[in-house]
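What the coordinates show
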Amino acid sequence: MQRQWSVQAPGEPEAEPGGEELCEQEMKRLCLSQHPVRVLPYAMMDKRFIRQLREPEGVKTSCWQQWRRRRQTAGRRLGEAARRLTRGCGLWEGALYEIGGLFGTGIQSYFTFLRFLLLLNLLTLLLTSSFVLLPLVWLRPPDPGPALNFTLQCPGSGHLPQTGVSKFNNLLWNVFTGRAFNNTYLFYGAYRAGPESSSTYSIRLAYLLSPLACLLLCFCGILRRMVKGLPQKMFLGQDYRSPLSAKVFSSWDFCIRGQEAATIKRHEISNEFKMELEEGRHLLLLQQQTRAHRACHLLTYLRVNILIGLLVVGAISAIFWATKYSQDNKEESLFLLLQYLPPGVIALVNFLGPLLFVFLVQLENYPPNTEVNLTLIWCVVLKLASLGMFSFSLGQTVLCIGRNKTSCESYGYNACDYQCWENSVGEELYKLSIFNFLLTVAFAFLVSLPRRMLVERFSGRFWVWLDREEFLVPKNVLDIVEGQTVTWMGLFYCPLLPLLNSIFIFLTFYIKKYTLLRNSRASPRRFRASSSIFFFQLVLLLGLLLAAVPLGYVVSSIRSSWDCGLFANYSAPWQVVPELVALWLPPPSQRILYYLGSHAFSFPLLILLSLVLTVCISQSQASSRAIRRLRKQLVWVSIRRTGAKGTAGETLLGPRAADKSREDGEREPGPQAWPQARRSRATETWL
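Below is a summary of the structure that appears in this document.

Scoring rules and cut-offs
Residues numbered from 1 in each chain as written. Predicted model: local features only at pLDDT ≥ 70, side-chain atom pairs only at ≥ 80, totals over all residues. Heavy atoms only, no water. Phe/Tyr/Trp six-rings, centres within 6.5 Å; stacked < 30°, edge-to-face > 60°. Helix = DSSP H or I, 4+ residues; strand = E, 2+ residues; numbered from the N terminus. Buried < 20%, exposed > 50% of the residue type's maximum accessible area, 1.4 Å probe, protein only. Lys NZ or Arg CZ within 6 Å of the ring centre and 35° of its normal. Arc of directions from axis to C-beta. Contact = heavy atoms within 4.5 Å. Disulfide = S-S within 2.5 Å. Patch = residues over 30% accessible without salt bridge, like charges linked within 9 Å, V, L, I, M, F, W, Y side chains within 5 Å. Areas by Shrake-Rupley, 256 points an atom, 1.4 Å probe, with all protein chains shown as cover. Salt bridge = Lys/Arg side-chain N within 4 Å of Asp/Glu carboxyl O.

On to the packing of aromatic side chains. Applying the stated criterion across every chain yields a total of 32 aromatic pairs. Between the aromatic rings of Tyr 207 and Phe 492, the centroid separation amounts to 5.6 Å while the plane-to-plane angle is 65 degrees, which identifies the pairing as edge-to-face. Linking Tyr 207 in helix α8 (residues 203-227) with Phe 492 in the loop between α19 (473-489) and α20 (497-519), this pair joins segments that are 285 residues apart in sequence. With relative accessibility at 3%, the residue Tyr 207 sits in the buried group. Judged by relative accessible area, which is 2%, Phe 492 ranks as buried. What links up through ring pairs into an aromatic cluster is the set Tyr 185, Tyr 188, Tyr 191, Tyr 207, Trp 421, Phe 492, Tyr 493, Phe 567 and Tyr 570. Note that Arg 225 overlies the ring of Phe 116, its terminal NZ or CZ placed 4.3 Å from the centroid. Positioned over the ring face of Phe 458 is Arg 457, at 5.4 Å from the centre of the ring.

The next point concerns helix α22 (residues 576-584). Of the residues making up α22, those classed as buried are Val 576, Val 577, Leu 580 and Val 581. An end-on view of α22 places all buried positions within 135 degrees of arc, on one side of the element. Among the structural elements, α8 and α23 (587-596) are those in contact with the buried residues of α22.

Attention shifts here to the state of the cysteines. One pass over the structure, following the stated rule, counts 1 disulfide. Sulfur-sulfur distance for the disulfide between Cys 420 and Cys 564 comes to 1.9 Å. Note on the Cys 420 and Cys 564 pair: the S-S dihedral is about 85 degrees, so by sign convention the disulfide is right-handed. Of this pair, Cys 420 sits in the loop between α16 (406-411) and α17 (421-457) while Cys 564 sits in the loop between α21 (530-557) and α22, and the two are 144 residues apart along the sequence. In this structure Cys 214 is a free cysteine whose sulfur lies 6.5 Å from that of Cys 218, the closest cysteine sulfur available. Given the relative accessible area of 3%, Cys 214 is considered buried.

Before going further, it helps to spend a moment on a nonpolar patch on the surface. A contiguous nonpolar surface patch, about 650 Å² in accessible area, is contributed by Leu 583, Trp 584, Leu 585, Ile 592, Leu 593, Tyr 595 and Leu 596. The set of elements that each furnish at least two residues to the nonpolar patch consists of α22 and α23. For the nonpolar patch, the element with the highest residue contribution is α23, accounting for 4 residues.

With that settled, the discussion passes to the pattern of salt bridges. In this structure the tally under the stated criterion is 6 salt bridges. Its salt-bridge partner being Lys 383, residue Asp 479 comes within 2.7 Å of it at the nearest N-O pair. Placement of the pair is Asp 479 in helix α19 and Lys 383 in helix α15 (residues 368-398), with a sequence separation of 96 residues. Residue classification places Lys 383 among the buried positions, given a relative accessible area of 2%. Residue Arg 452 is joined to Glu 456 by a salt bridge in which the shortest nitrogen-to-oxygen separation is 3.5 Å. Residue Arg 452 and its partner Glu 456 are both found in helix α17; the two are separated by 4 residues, about one turn of the helix. For Arg 452, a relative accessible area of 16% translates into the label buried.

Below you can see the structure in the form of C-alpha cells.
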C-alpha cells in the first residue's frame, strides 16, 4: 500500500514535502480505525495490506475479538440473505435483465411488480398455514354436529334450501364455480373447532387475526417500496435532468463480454436516449406555449376528463345491475351463464376502459410519464370502483344492506337463500379470480397470437395499420392489481386463495413475457420506471384499503352463519376476542386492554401522533431547505470556476431555478463571496 501511494505517474509533479509523513499518518489512522476493511475505499491488495497491519503475524487476537468478528460476519451474511429474500431470491433475474434491455425500464418495472406480488402472496400463505392450517390438522377438529332446525318459514318453500343446488352434475363445472371445494379448507365453512374453554390454542383467534396480520404486513411492504426512492427524488428535485454527456460517456458496462449481453445493453442505452429526447421535446413545447394554447389545452383537458368520468359511472352501473340480476335469478334455466355474468361484465368493462382511456388521454399531448400516470389514475378509478360496486351489490343481496326481509330481521343475513353466506361470498371471489386468469390466457393465445400471425402472413395497408399489439403497461398493471385486490378481499372467506393467486402470478409472468417478446411491439412512447413504480405501489395500496374496509366491517358488525364455520355461535367474529381475554388474562391485564380500546385512550394517542407528525414534517421541510441551499451553492461554485452559466445550473436546479441562482450570484459582491465560496467548496467535496 505504501509502495502504491509512493508511485508517481510520468509527467506528474513530485510529491509535496511531508508526503511521507501524511502517508504514515493515514496508515496509522487506518490501523486504529474501527471500520471494517470491506467498506474502505481501497483496492483488494490494499485491503489485504491493511488487514496485515491490524493483525501482524505472531500476534494472536483475543477470544472476545474473534467472537465479535464472527458475530459481525454472521450478521452481515444474514442481512445479505434477508435482502436477497426480499428481492425474490433472485427469481427471474435473467428474464428481467433481458426485458429491461430490449424494452426499457418502464416495461421491466411491470415484471418486477409481478415478482413483488408473488412474494406478498407466498408470505400471506406461509402465515395462514403456520397459524391456522397446521394447528388445525394437529388438533383434529371435531366432527360437525347435526344441522340446526330453523323455524323461519321462507316464502315458496317449507324448509330452508341449501344455496346453489347444482343443476349440472359436471365435476369440471363444479371446479370452476368452487362447489367442488365447499367441504375443503379452501372455504370458510370447512373450518371447525371446539369450545374455547377446552383448548390451549385458539383456532378462532388465529383464523380471525391471520387476515388482519397479512394485510398489515402487506401494507408495510408496500409502504416501504413507496418511500424507497423518495430521498433521491427529494435531493434531485422535480426539474432535475441528467445531462446526455453523462449518459454518453458513462453508460457502457465494460465488464460485458458476450455478444447477447452487449446487444441488450446497446438497446438499453438507446432507450435511455429516446426517453431523454422525448422529455426534452415536451419541455420545449411547454415553454413555447402561449396563453391561447394553454386555454385550448385546458378546455380539452376538461372535456376529455368529463367524458372519462361519464364512462366510469356507466361502467359501475352496469356492474351493479349485472350482479343484482345474477343473484336474483339463480333458479333460472340460464343458470350456467348467470354464474359468470358479474365477472364477465367486470372483465368487459376493464378491457374496454383502459383502451378508451389511452386513446382519450393521448389527445391532451402530455409527456410520456404524465400520460402513463394519468391513464393509470383513471384505470385505478375504474378498477377499484368496479370492485367496490361488486362488493356493495353482494352485500345488498347476501347481507340485506339497504333491504328489509324477514330472514334478515331474524338472522342478520338472507338466511332463506344463503345458508352459509361466507361460502357464497368466497365462491363469488373464487370465480372472479379464476375468470381473470382465464381471460389473460385466452387473450394471449386467442387474440395476440393470431393477430401477430396474420400481420406476418399478409401484406397490405390494413395489416400495416393493424400491426402487432402494443404492450400497454397501465392496463397490465391494473389487471394484476385487480387480481391481488380480489385475493385480499377473500382472505376471510377463502383462506387459501393466496395459493391460487401465487400460481396465477407465476404463470402470468411467463405468459406476459411470451406475449411481449413474440406477439407485441415496442411502444414508441418510452417512460421511466422511477416515475411509475411509485404509482404502481399507490394503486396497490388503494386496493389494499378497498379490501380492508369491507373485511373490518364484516368482522366487527355482521352476524356469522348459524350452520357453518368457526363463529357459528357468535353474534360477530370479533366477539371471540373479549371471550378469550376474559378466559386467559387476569383482571389487571383485562382492565389495561379495555382502557387501550376505549375512547379515553384514543384522545391522548391522537395528540401524541399529531406531535410526532408535526416534528417529522418540520424535519422534512428543514432538510428540503438545506438541500436547496447546498444545490445553489454547488451551482454558484461551478459558475465561478468554469464560467459554464447554462449547463451546470440547468443540470442541478432546472432552467428556472438556475436562472434565479445565477442572478443571485451576479448580485453578490466579490470580496464578501469568498467565505461562502470556501464553504461551498467544502460542501462540494463532501457531496
